[in-house]
Amino acid sequence: MTCDGVFTGRWVRWFAESVSTTEPELTDLDRRVGDGDFGTNLLVGLTTTIRVLDGSPGAPGSPETPPAAGPLEMMAGVFLDEVGGTSGPLFGLVFQELAAAARAAGPVLTGAAVEQGIDAGLAAVRRVGEAEPGDKTMVDALLPAVTAVRRAGPLPADRALALAAGGARRGVSETARLRARRGRAGYLGDRVTGVPDPGAVGVALLFASAAGPVTALSPWWERGVTRAHLPGTRLDGPESGTDTGTGAGVPAGR
Amino acid sequence: MVAYFATEPESLLADALNGFCRVHADLVVRDAGGGYLRARHPSPGRRVGLVSGGGSGHEPLHIGFVGAGMLDAACPGRVFTSPHNRQILEASRAVAGPEGVLHIVKNYTGDRINFGIAAERLAHLGIPCARVLVDDDLATATDGPGPGRRGTAATVLVEKVLGAAADRGADLPELLRLGERVTARCRSLAVASRSHALPATGDPAFELARNEVEFGVGIHGERAERAIPREPLTRLLERMTDPLLAALAPAREEPVILLVNGLGAVTELELYAIHDAVERLLHKRGVTSARCAVGEFVTTLDMRGFSLTLMVTDRETLELYDAPVHTPVWRW
């Protein structure tokens, strides 16, 4: 697959579709651990991004193929400039780093650029949000995502993103078991144990959407928690993270 | 319940900024789209732009200190809400010098995050950026991890000293070092006898009994660890000054700058009386107060309270404090 601007444009649109479909679930999650505006903020940002994307060169039906960085840069700009709350702009930082890595890689996105972008995004979120792994934040999805990609070695971008999605999903399952230490959830202590972090879920949605729109959230963490407690289940290998076919809400082969 | 005269809480900030910029049109320019105010006549010769900002409701902070000798730009957020990172980014781009921009940030999570996001974006634009964090509130001093001390009234002193250093052509690392040195040497404590009223409803943010004083209140009305019974002023001031001196431990030859800051609804009559009593107290403790400022600098809407700030100085910081300044609030 050529991971050019058409690929990243489709990825951004599928991400918007995923968030649009799962927004009620995201909002419900955030009501339990935050102030309930996460799903809406994400959706507003993506709706605006799609509007910008539709009016730009390389939109469906227009002749030019944009570089892979183009749609990611647009998404970064919208999230940093226009989305309220804290988590929207923090997502913007991740998009900004993905876009910068894609820009540096050239017109076509590479697996190395995906790894570099997630890694730089993770570093930026840690610097700004001052969150450590285990604090029950989006860091807990970004870190296993980059680890999964790095461990696999050189790959095409779409394959790297599938691995990132698997890593992030395992991270989401982990956050359900964690006690929050930062952000609003930090004040809630044990009351939010058992609920995954919405920001981490958003990160997993982002990477999973590269393969197609995600239609339901709940099987992710519920099954993830169950599996994490079953002895002998292989959770750390790349294969366990890329099950795009069964019950994950991601249609295979898109 | 207290009635605000402004009956449109939604437009209060925008209306106030309009008025402020009209009155001080000789000193400040508002970029409404960018969401910041900048100095009309910034100091010539600065190599680094100085940007601060934070939630509104603390006037005259920060907008009243924009001008030659202090801030190049200020970003007001909504009442008690951090400015958006875009405001900070736009302001920083507008006033960055050839050697970049320095952010002066009060230590609150929202401000740290939004200034931090702006700093990340500035890095992508190739504009050097550094941060001085102001964390002077002794009431929030704790050992071990946590959010650390809050940033309060010392902010204006830090902005003054850094502004003068920037005027002398200090570069970014020099300003950062100076900023860290002076923020380490200032502490504040605030008390209130009545909370502020919320602009939207006029209701008090918290209740205090008639004869109680909230000891260690925050500038957003954060409750203190304790309320104490009302007591003679000299005794209350001892209770505030002694821990400040203990935390700062000025050497004999190190004079201090004293800031007596009204939180919104204390009369000037009282503020000067407070100043007089603190001066006597400092003298008794063998501490020289080399400079002092009395008035409203960092407020909490209409809170009936005041804060004391001490900054321990050396010759350099005193010179920087004395250097010329021309802003809506401070001019010398």
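Model, not experiment: these values are computed from the prediction.

Asker: Which parts of the structure should I look at to understand the overall build of chain A?
Answerer: Along its length, chain A carries nine helices and zero strands. Within the span of chain A, comprising 254 residues, buried residues form 56% of the whole. Look at the contacts in chain A between residues 6 or more apart in sequence, and 71% of them connect residues 24 or more apart.

Asker: What am I meant to see in the overall build of chain B here?
Answerer: Along the backbone of chain B there are eight helices and twelve strands. Taking 20 Å as the expected radius of gyration for a compact globule of 332 residues, we find that chain B reaches 19 Å, a close match to that expectation. Dimensions of chain B, computed from the C-alpha atoms along their principal axes, are close to 55 × 50 × 40 Å. Expressed as a percentage of contacts within chain B between residues at least 6 apart in sequence, the contacts between residues at least 24 apart total 74%.

Asker: So what exactly am I meant to see when it comes to the pairing of strand β1 (residues 28-31) of chain B here?
Answerer: Note on strand geometry: in a regular strand, side chains alternate between the two faces of the sheet. Residue and element names in this part refer to chain B. Here β1 shows a buried face lined by Val28 and Arg30 and an unburied face lined by Val29 and Asp31. Inspection of the sheet shows β1 paired to strand β2 (residues 36-39) by four bridges, in the antiparallel sense. Its bridge partner lying in β2, valine 29 is registered against arginine 38. Counting the residues that bridge the hairpin from β1 to β2 gives four residues, and of these glycine 35 lies at a positive phi of roughly 75 degrees.

Asker: I tried to follow the environment of proline 133 of chain A on my own but got confused; where do I start?
Answerer: Mapped onto the elements of the fold, proline 133 of chain A is located in the loop between α5 (111-129) and α6 (139-152). Distance in space between the C-alpha atoms of proline 133 of chain A and leucine 143 of chain A is 7.6 Å, their sequence separation being ten residues.

Asker: What is the right way to look at the domain arrangement of chain B in this model?
Answerer: Residue and element names in this part refer to chain B. For chain B, the assigned domains are domain 1 (12-184) and domain 2 (186-320). Domain 1 and domain 2 are separated by 23 Å when their C-alpha centres are compared. The interface is formed by 24 residues belonging to domain 1 together with 28 residues belonging to domain 2. Elements with a contribution of two residues or more to the side of domain 1 that touches domain 2: α4 (154-167) and α5 (172-184). Ranked by residue count, the leading element in the side of domain 1 that touches domain 2 is α4, at seven residues. Partitioned by chemical class, the residues of the side of domain 1 that touches domain 2 number 15 nonpolar, five polar and four charged.

Asker: In this structure, what is going on with the environment of cysteine 3 of chain A? I would like to understand it.
Answerer: Residues and elements named next belong to chain A. With respect to the element layout, cysteine 3 can be found in the segment before α1 (5-33). Overall, the presence of 25 C-beta atoms within 10 Å leaves cysteine 3 in the buried class. Taking C-alpha positions, cysteine 3 is 27 Å from valine 83, a pair spaced 80 residues apart along the chain. Non-local contacts of cysteine 3, meaning those with residues more than four positions away in its chain, are made with Ala68, Val108, Leu109, Pro156, Ala157 and Asp158.

Asker: Would you take a moment to explain helix α7 (residues 157-177) of chain A for this structure?
Answerer: Because each turn of an α-helix spans 3.6 residues, side chains separated by three or four positions in sequence point in the same direction. With 21 residues, α7 of chain A extends 31 Å between its outermost C-alpha atoms, agreeing within 8% with the 30 Å of an ideal straight helix rising 1.5 Å per residue. Along α7 of chain A, 19 of the 21 residues are buried, which leaves the element largely enclosed by surrounding structure.

Asker: Explanation requested: the packing of helix α4 (residues 87-105) of chain A against α5 of chain A in the structure shown.
Answerer: The relative placement of two packed helices comes down to the angle between their axes together with the axis-to-axis distance. Residues and elements named next belong to chain A. Two elements in contact, α4 and α5, have axes whose closest approach is 8 Å; the angle formed by their N-to-C orientations is 145 degrees. For α4 against α5, the interelement crossing comes out right-handed. Touching Leu90, Leu93, Val94, Glu97, Leu98, Ala101, Ala102, Ala104 and Ala105 of α4 are Ala113, Gln116, Gly117, Ala120, Gly121, Ala124, Val125, Val128 and Gly129, all from α5. Of the residues in the contact of α4 with α5, the class split is 13 nonpolar, four polar and one charged.

Asker: Quick question: what am I supposed to make of the sheet that holds strand β12 (residues 304-312) of chain B here?
Answerer: Strand pairing within a sheet occurs via backbone hydrogen bonds; the two strands may be parallel or antiparallel. All names here are of chain B. Spatial ordering of the open sheet is given by β9-β8-β7-β12-β10-β11, a layout of six strands whose pairing is mixed. Of all the strands in the sheet, the pair left with one neighbour each is β9 (226-229) and β11 (289-295). Averaged over all pairs of adjacent strands, the angle between strand axes in this sheet comes to 20 degrees, irrespective of strand direction. In terms of strand pairing, strand β7 (residues 186-194) meets strand β8 (residues 212-215) through two bridges, oriented antiparallel. Across the sheet, residue alanine 192 finds its bridge partner in β8, namely glutamate 214.

Asker: Can you walk me through the environment of glutamate 214 of chain B in this structure?
Answerer: All names here are of chain B. Inspection of the secondary structure assignment puts glutamate 214 in strand β8. Distance from glutamate 214 to serine 193, taken between C-alpha atoms, is 6.3 Å for residues 21 residues apart in sequence. Sequence-distant contacts of glutamate 214, that is, excluding residues within four places in its chain, are made with Val191, Ala192, Leu208, Arg223, Ala224 and Ala227.

Asker: Looking at this model, I keep getting lost on the sheet that holds strand β6 (residues 129-134) of chain B. Mind explaining?
Answerer: Residue and element names in this part refer to chain B. Pairing is mixed across the open sheet formed by six strands, whose spatial order is β1-β2-β4-β3-β5-β6. Strands with a single pairing partner mark the edges of an open sheet, and in this sheet they are β1 and β6. Put simply, the sheet's adjacent strands are angled 25 degrees from each other on average, direction ignored. Its contacts with the sheet put α4 on β3 (49-56), β5 (101-106) and β6, and the angle it makes with β5 is roughly 170 degrees. Against the sheet, α5 makes contact with β5 and β6, and its axis sits at roughly 10 degrees relative to β6, the strand it touches most.

Asker: Looking at this model, I keep getting lost on the UniProt feature "domain: DhaK" (unreviewed entry) in chain B. Mind explaining?
Answerer: With numbering aligned to this structure, UniProt lists the feature "domain: DhaK" (unreviewed entry) at residues 8-330 of chain B. Between the end C-alpha atoms of residues 8-330 of chain B there is a gap of 30 Å, over a span that is 33% helix and 23% strand.

Asker: Would you explain the pairing of β11 of chain B in this entry?
Answerer: Residues and elements named next belong to chain B. Note that strand β10 (residues 256-262) and β11 share six bridges and pair parallel. Opposite valine 256, over in β11, you have serine 289 as the bridge partner. Taken together, β10, helix α7 (residues 268-284) and β11 form a β-α-β motif whose crossover is right-handed.

Asker: Just checking my understanding: could you explain the nonpolar core for this structure?
Answerer: For soluble globular proteins, nonpolar side chains are generally found buried alongside one another. Counting residues in each nonpolar core, the largest one holds 170 residues, and the members touching the most others are Val125, Leu142, Ala145, Ala164, Ala204 and Phe207 of chain A together with Leu162 of chain B. Counting residues per element, this core draws most heavily on α4 of chain A, at eleven residues. Viewed by domain, this core spans two of them, domain 1 (12-184) and domain 2 (186-320) of chain B, each represented by three or more residues. Beyond its immediate sequence surroundings of up to four residues, alanine 164 of chain A is in contact with Val114, Ile118, Ala145, Ala148, Val149 and Phe207 of chain A.

Here is what the cut-offs are and how they apply
- Residues numbered from 1 in each chain as written.
- Chains lettered and ligands numbered in written order.
- Predicted model: local features only at pLDDT ≥ 70, side-chain atom pairs only at ≥ 80, totals over all residues.
- Helix = DSSP H or I, 4+ residues; strand = E, 2+ residues; numbered from the N terminus.
- Buried ≥ 20, exposed ≤ 12 C-beta atoms within 10 Å, placed from the backbone.
- Contact = placed C-beta atoms within 7 Å.
- Rg over C-alpha atoms; globule rule 2.2 N^0.38 Å.
- Pairing = 2+ DSSP bridges.
- Domains from an automatic or database assignment.
- Nonpolar A, V, L, I, M, F, W, Y, C, P; charged D, E, K, R; others polar.
- Expected span 1.5 Å × (residues − 1).
- Axes fitted to C-alpha atoms, helices over the stretch in contact; angles between N-to-C directions.
- Left-handed = near helix turned anticlockwise from the far one by under 90°.
- UniProt positions renumbered as here; feature names shortened; annotations may be inferred.
- Right-handed = clockwise from strand over helix to strand, strands pointing away.
- Core = buried A, V, L, I, M, F, W, Y, C linked by C-beta atoms within 7 Å.

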